[in-house]
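So the chains spell out like this:
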Amino acid sequence: MSSVSSEESSNIVEPYALPLSKQDEWKDVTPLEQEDGQFPICPIAYTDKYKEMMDYMRAAMAAGEVSERAYRLTSDVLKKNPGHYTVWVYRKKLIEELHLDIEDELAWLESIAEMYPKNYQSWHHREVIVCMLLDPQILADMPQDQRVCHSVIRRELSFLANVIDEDSKNFHAWSYRQWLVRRYGIWEQEKVFINTMIDQDVRNNSAWNQRYFVLVQGDTSGNASIDDGVLQAEIDYAVEVIKRAPNNESPWSYIVGMLLRHAPEKLYKELLSRIQQLSNDASYGQAAKSSPFYWSALVDIYESRAAKEDSDAREKTLDLARSACTALATDHDPTRMKYWEYRQTTLV
């Protein structure tokens, strides 16, 4: 077995380090330069290396080339510019027509996600690739606990868990997770995951948003029907979480928003008494009553109630809402004093 000295190895130039114009593999291609016109308004200062890669990329796309060298070139281009959606589309075409290994593509995408965790195009490409790998009909007759054991689903959930662990509010990861849950019908598993996420961090508003998504099973039109028992359980759950962190906006917004949309009568009949009990509790009362979100919830509850009352009762309920606005403007949320003063004028 031959060996190479350190001095000799330092003089070896790897093929990928050579300019494309110096590589035998690309000698048959005439690079196609970008056409910006004679007097470009805002020319972009590309590096020489990126400009050369794109000139060859442009030539390959123009010729409709389907080859492994073109596929490798898309990797180099997208590592430099992951927002180049045209190259992503071309890459998909190459994967399909060359019948390339989808698992290898997913592994490569993980490396892209590490470099660019919030790039729209790479997340969309991952959706496309997973669609190529797994048809939902294959899982149609499986119970949900078996679906999550499928190798593709298991891999995607593991990948997402790592990304979200790195940044628990990565919008792109959560959006992709919603797509995965909806496409493959793994709602029950997601409930367990969300409970764990909120338990770890009650302030993770992304997890609260995902909780609502799972509750209505992706139907955000406002027409989704939610069982009365489920609604009651969500009230109980939100109040318990509020006890842990009364000054955390997420559970307040979650439960008030959900009831406003799906069961406004429960705001007054159920939620009001629960948060008033909370405000009078020796352990939580002071923290709850000093939270701007407690008073903001009162404004929403009283306003919603007044809309369904006759004129006499309506005015008394609106006075309660106005008083809550005053408390917010003067004591509990003076930073947004002007907003609460304005909100008070809308309570008519």
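Residues numbered from 1 in each chain as written. Predicted model: local features only at pLDDT ≥ 70, side-chain atom pairs only at ≥ 80, totals over all residues. Heavy atoms only, no water.

1. Re the packing of helix α3 (residues 68-80) against helix α5 (residues 102-115)
Packing of α3 against α5 leaves a shortest axis separation of 11 Å and a crossing angle of 15°. One element, α3, and the other, α5, form an angle in the roughly parallel class. When the axes of α3 and α5 are compared, the crossing they make is right-handed. Along its contact with α3, which presents Tyr71, Ser75, Leu78 and Lys79, the element α5 presents Glu105, Trp108, Ile112 and Met115. Class assignment for the residues of the contact of α3 with α5 results in five nonpolar, one polar and two charged. (Axes fitted to C-alpha atoms, helices over the stretch in contact; angles between N-to-C directions. Helix = DSSP H or I, 4+ residues; strand = E, 2+ residues; numbered from the N terminus. Parallel < 35°, antiparallel > 145°, perpendicular 65-115°, else oblique. Left-handed = near helix turned anticlockwise from the far one by under 90°. Contact = heavy atoms within 4.5 Å. Nonpolar A, V, L, I, M, F, W, Y, C, P; charged D, E, K, R; others polar.)

2. Section: the packing of helix α13 (residues 249-262) against helix α14 (residues 264-280)
Two elements in contact, α13 and α14, have axes separated by 7 Å at closest approach and are oriented at 150°. As summarised for this structure, α13 and α14 are arranged roughly antiparallel, according to the angle between their axes. The element α13 and its partner α14 pack so that their crossing is right-handed. Here α13 contributes Trp252, Ile255, Val256, Leu259, Leu260 and His262 to the contact with α14, which in turn contributes Pro264, Lys266, Leu267, Leu271 and Ile275. The residue makeup of the contact of α13 with α14, split by class, is nine nonpolar, one polar and one charged.

3. Thoughts on the side chain of Arg91
Within the secondary structure layout, Arg91 lies in helix α4 (residues 85-98). One polar contact links Arg91 to Glu105, side chain to side chain, over a distance of 2.7 Å. With residues near it in sequence (within four places) discarded, Arg91 still touches Tyr71, Thr74, Ser75, Leu78, Glu105, Trp108 and His125. (Polar contact = N/O pair within 3.5 Å; in protein donor to acceptor, adjacent residues only side chain to side chain.)

4. A few points about the pattern of salt bridges
Inspection of every chain in the model, using the stated rule, returns 28 salt bridges. Here Lys27 makes a salt bridge to Asp24, at a shortest N to O gap of 3.1 Å. A salt bridge links Arg126 to Glu110; the shortest N-O distance between them is 3.9 Å. Separated by 16 residues along the polypeptide, Arg126 in helix α6 (residues 120-133) and Glu110 in helix α5 bring together distant segments of the chain. (Salt bridge = Lys/Arg side-chain N within 4 Å of Asp/Glu carboxyl O.)

5. Let's talk about the nonpolar core
In this structure, Ile255 and Leu271 are the most contacted members of the largest nonpolar core, which totals 100 residues. Ranked by the residues each element gives to this core, the list is headed by helix α16 (residues 292-306), at nine residues. (Core = buried A, V, L, I, M, F, W, Y, C linked by side-chain atoms within 4.5 Å. Buried < 20%, exposed > 50% of the residue type's maximum accessible area, 1.4 Å probe, protein only.)

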